[in-house]
Amino acid sequence: MIIIILPAILKLFFLDPARLFEPHVIALEMIDSGEFRYWMNGGYNFNYQFPIYPTILYLIYSAGLGPFGALVFNVLLGAGSTFFTYRIAQSLSKGGFFANTIPLLAALAVSIHPFFAYYQVKMVHPFALDMFFLLWLLCLSINASIADRKSIFLLGLLGGLALLNRPTTVMAILPFLLRGEWLAFFRSRNVGTLIMFTMLLLIPVSGWLIRNYQIYEQVTLNSSIGQNLWIGIQEETEGTAQLPDGNSYMTLLNDDERDYLDRVGPMQESSFFTEKFKSELSQDPSLWFEMMVLKFKNFWFFRSSLGVDHGDLVTRPVRIVHRVSSFLLFVFAFSSFLLRKKQINYVMLSVIALSLFQAVFYVETRHKLLVDPILIICSLIFIAHVIGKNKEHLEA
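Note that this is a predicted model, so its numbers are computed, not measured.

## Observations regarding a nonpolar patch on the surface
Part 1: Taken together, the side chains of Met1, Ile2, Ile5, Leu6, Ile9, Leu10, Leu12, Phe13, Phe14, Val72 and Leu76 present a nonpolar region at the surface, about 1200 Å² in accessible area.
Part 2: Mapped onto the nonpolar patch, the elements with two or more residues apiece are α1 (2–11) and α4 (66–93).
Part 3: Within the secondary structure, Ile2 is located in helix α1.

## Side note on the environment of Ile88
Part 1: You can see Ile88 is positioned in helix α4.
Part 2: We classify Ile88 as buried; its relative accessible area is 1%.
Part 3: Aside from chain neighbours lying at most four places away, what touches Ile88 is Leu135, Leu138, Cys139, Ile142 and Ile377.

## What to know about the nonpolar core
Part 1: By size, the foremost hydrophobic cluster in this structure holds 88 residues, and its most contacted members are Ile88, Leu92, Leu155 and Leu375.
Part 2: At 13 residues, the largest contribution of residues to this core is made by helix α7 (residues 127–143).
Part 3: When neighbours within four sequence positions are excluded, Leu92 is seen to be in contact with Ile142, Gln343, Ile344, Val347, Ile377 and Ile381.
Part 4: Listed in part, the 17 residues of the second largest apolar core include Ile231, Met250, Leu253 and Phe273.

## Here we look at the pattern of salt bridges
Part 1: Summed over all chains, the structure comprises 9 salt bridges.
Part 2: Of the charged contacts, one joins Asp372 and Lys368 as a salt bridge, the two residues approaching to 2.7 Å between their closest N and O atoms. A single burial state applies to Asp372 and to Lys368, both of which are buried.
Part 3: The structure contains a network of salt bridges with shared partners spanning Glu29, Glu35 and Arg37.

## Description of the packing of helix α13 (residues 255–263) against helix α14 (residues 266–283)
The geometry of a pair of packed helices is captured by two quantities: the angle between their axes and the separation between those axes.
Part 1: For the pair α13 and α14, interaxial distance at closest approach is 9 Å and the crossing angle is 150°. If you check the angle between α13 and α14, you find them roughly antiparallel. For the pair α13 and α14, contact is made by Glu257, Tyr260 and Leu261 and by Gln268, Glu269, Phe272, Phe273 and Lys276, respectively.

## Regarding the packing of aromatic side chains
Part 1: Applying the stated criterion across every chain yields a total of 26 aromatic pairs.
Part 2: Ring centres of Trp230 and Tyr249 lie 6.4 Å apart, and the angle between their planes is 65°; this geometry places the pair in the edge-to-face category. A residue pair is termed long-range when its members are at least 10 positions apart, and Trp230 in helix α12 (residues 225–231) and Tyr249 in the loop between α12 and α13 qualify at 19 residues. Exposure class is identical for Trp230 and Tyr249. Each is buried.
Part 3: Here the aromatic rings of Phe299 and Trp300 are separated by 5.5 Å at their centres, their planes lie at 65°, and the arrangement is edge-to-face.
Part 4: The buried category is assigned to Phe299, whose relative accessible area is 1%.

Reading the values: rules and limits
- Residues numbered from 1 in each chain as written.
- Predicted model: local features only at pLDDT ≥ 70, side-chain atom pairs only at ≥ 80, totals over all residues.
- Heavy atoms only, no water.
- Patch = residues over 30% accessible without salt bridge, like charges linked within 9 Å, V, L, I, M, F, W, Y side chains within 5 Å.
- Areas by Shrake-Rupley, 256 points an atom, 1.4 Å probe, with all protein chains shown as cover.
- Salt bridge = Lys/Arg side-chain N within 4 Å of Asp/Glu carboxyl O.
- Helix = DSSP H or I, 4+ residues; strand = E, 2+ residues; numbered from the N terminus.
- Buried < 20%, exposed > 50% of the residue type's maximum accessible area, 1.4 Å probe, protein only.
- Contact = heavy atoms within 4.5 Å.
- Core = buried A, V, L, I, M, F, W, Y, C linked by side-chain atoms within 4.5 Å.
- Axes fitted to C-alpha atoms, helices over the stretch in contact; angles between N-to-C directions.
- Parallel < 35°, antiparallel > 145°, perpendicular 65-115°, else oblique.
- Phe/Tyr/Trp six-rings, centres within 6.5 Å; stacked < 30°, edge-to-face > 60°.

Pasting the structure below:
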């Protein structure tokens, strides 16, 4: 418990809401106008962000706690992520070498990870919530059993909330599907449990889709999907939202295009970017595959313009540390496939699926950081196996 509590307490002394993002603005709009909306390109957008984190901020701000209250919430989420890291490591290392030590080391690494801490204490941003959902969902996915209906219902509900919060994180449900536990729904003819699981998975996002349809008379999950698809094929940005000089992807548009976006509504903006995405691919069909490879590489390793949106904070030593740690985590985590343990393989496959899902749109460093706790666990298990086997060999 001290690995979870002590770092969280220490982080509370460094709270500084230096960077406020779109959910912060939406929460203030909810307080001022009573509406979930965000001003951009000359008009209000009612579904630019997914609703969970802005709504939580709204509740925190309504209680008078402000951005500092949001950061305290982020720190608590970080503590929760440390706890689920410990539980996942317990499940995956069971029966292997150093099974009691690996969960402690993994939890310690996550609790004091400098990049995780930065998002928790400096940024009013949904990153901490995204990681919390991802790790909690993965923990349930590894351990849920058809024999325990409560765990199945919780898996469905949490999967539904994760889908509404950040759709890529729902890939954490794959270990449950891959290990065939869900087939017990059919073997036992427990149709009621299957229906309830599916309903819980789909109800949260269905409610959001209905709400958006009432506003725009279109079925839309998020108005930035077309924009994100187009960003993802821009060679100048390496499929991310910023150019190497720090300028926004919007500078890639000409004056007439930017003027058009200022005149139309969110759905027309989304259609504009979707059509632009299709047009550019029709001119160069290989571009999508080339950018997918580049974004996949950038997810697992690093972008050439790493940290450009964080100013002087990301210095050359920080870039070096990040690049070296990313490389080592990639090597050791993927080496865990060599152990031929189904649970570990399923978990790693879910991370690979998440990276591919993310690469369909655009990739930033924070997207990879979300899965680092999982990679840390799998890396530690592989390293422990090598050390344990070597020790057995020497003793023999």
